Amino acid sequence: MAKKKKKSKKNKYGKRGFVVAAPQAGNGGLFAGLARMLPAGRTEQFLLGAAIGAAAAYVLSDEELRGKLIKSGVKLYSGLVGGLEEVKEQVADIQAELQAEQSGAV
């Protein structure tokens with residue numbers, strides 16, 4: 001009597017649990033090759049996070065670049081604060097003009 005062969009379950013996963021699918025035409029993208037190596041689900045978010053993390057690690061490790069970024073951030077912050085103060089002054093001037101018109105009209 002011959003042995004019975006086990007039925008293998010055919011599914012969309014390969015030997016390592018990765019999704020096995022043919023690449024779609026025209027859907028290349030920057031990380032298309034890496035996405036096929038990762039398990040299915042949120043691969044694009046993971047790859048984007050990895051790219052952002054790598055860029056942040058590079059920026060934080062380069063002292064000269066980090067100094068330039070900090071200087072730019074301080075300039076941007078001081079410019080925003082100065083602009084906000086200017087707007088506050090203009091609002092106070094307009095309120096004073098309105099109060100002067102109301103007190104003079106009564």
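Remember, it's a predicted structure, so these values are computed and weren't measured experimentally.

S.K.: Which residues make up the overall build of the protein chain, and what are the values?
M.R.: Secondary structure summary: the protein chain contains three helices and zero strands in total. Counted from the first residue to the last, the protein chain has its helices and strands arranged as α-α-α. For the protein chain, the residues scored as buried account for 3% of the 106 residues in total. Here the protein chain displays about 10,100 Å² of accessible surface, and carbon together with sulfur accounts for 60% of that area.

S.K.: I'd like to hear about a negative patch on the surface, residue by residue, with values.
M.R.: A grouping of Glu-86, Glu-89, Asp-93, Glu-97 and Glu-101 is seen on the molecular surface, where their side chains present a negatively charged patch. Its place among the elements puts Glu-86 in helix H3 (residues 63-105). Glu-86 sits in the partly exposed class, given a relative accessible area of 41%.

S.K.: Can you lay out the confidence of the model for the protein chain for me, pointing to particular residues and giving the numbers?
M.R.: Taken over all residues, the pLDDT of the protein chain has a mean of 78, while the share at 70 or more is 61%. Summarising per-element confidence for the protein chain, the mean pLDDT is lowest in helix H1 (residues 32-35) (68) and highest in H3 (92).

S.K.: Mind laying out the pattern of salt bridges, listing which residues take part and the relevant values?
M.R.: The full count for this structure, using the stated rule, is two salt bridges. With a shortest N-O distance of 3.9 Å, Lys-88 and Glu-85 are connected by a salt bridge. Note that Lys-88 and Glu-85 are positioned in helix H3 at a spacing of three residues, about one turn of the helix. Residue classification places Lys-88 among the partly exposed positions, given a relative accessible area of 49%.

Cut-offs used in this document
- Residues numbered from 1 in each chain as written.
- Predicted model: local features only at pLDDT ≥ 70, side-chain atom pairs only at ≥ 80, totals over all residues.
- Heavy atoms only, no water.
- Helix = DSSP H or I, 4+ residues; strand = E, 2+ residues; numbered from the N terminus.
- Buried < 20%, exposed > 50% of the residue type's maximum accessible area, 1.4 Å probe, protein only.
- Areas by Shrake-Rupley, 256 points an atom, 1.4 Å probe, with all protein chains shown as cover.
- Patch = residues over 30% accessible without salt bridge, like charges linked within 9 Å, V, L, I, M, F, W, Y side chains within 5 Å.
- Salt bridge = Lys/Arg side-chain N within 4 Å of Asp/Glu carboxyl O.
- Lys, Arg positive; Asp, Glu negative; His and termini not counted.
- Charge placed at Lys NZ, Arg CZ, Asp CG, Glu CD.
- pLDDT = per-residue confidence, 0-100.

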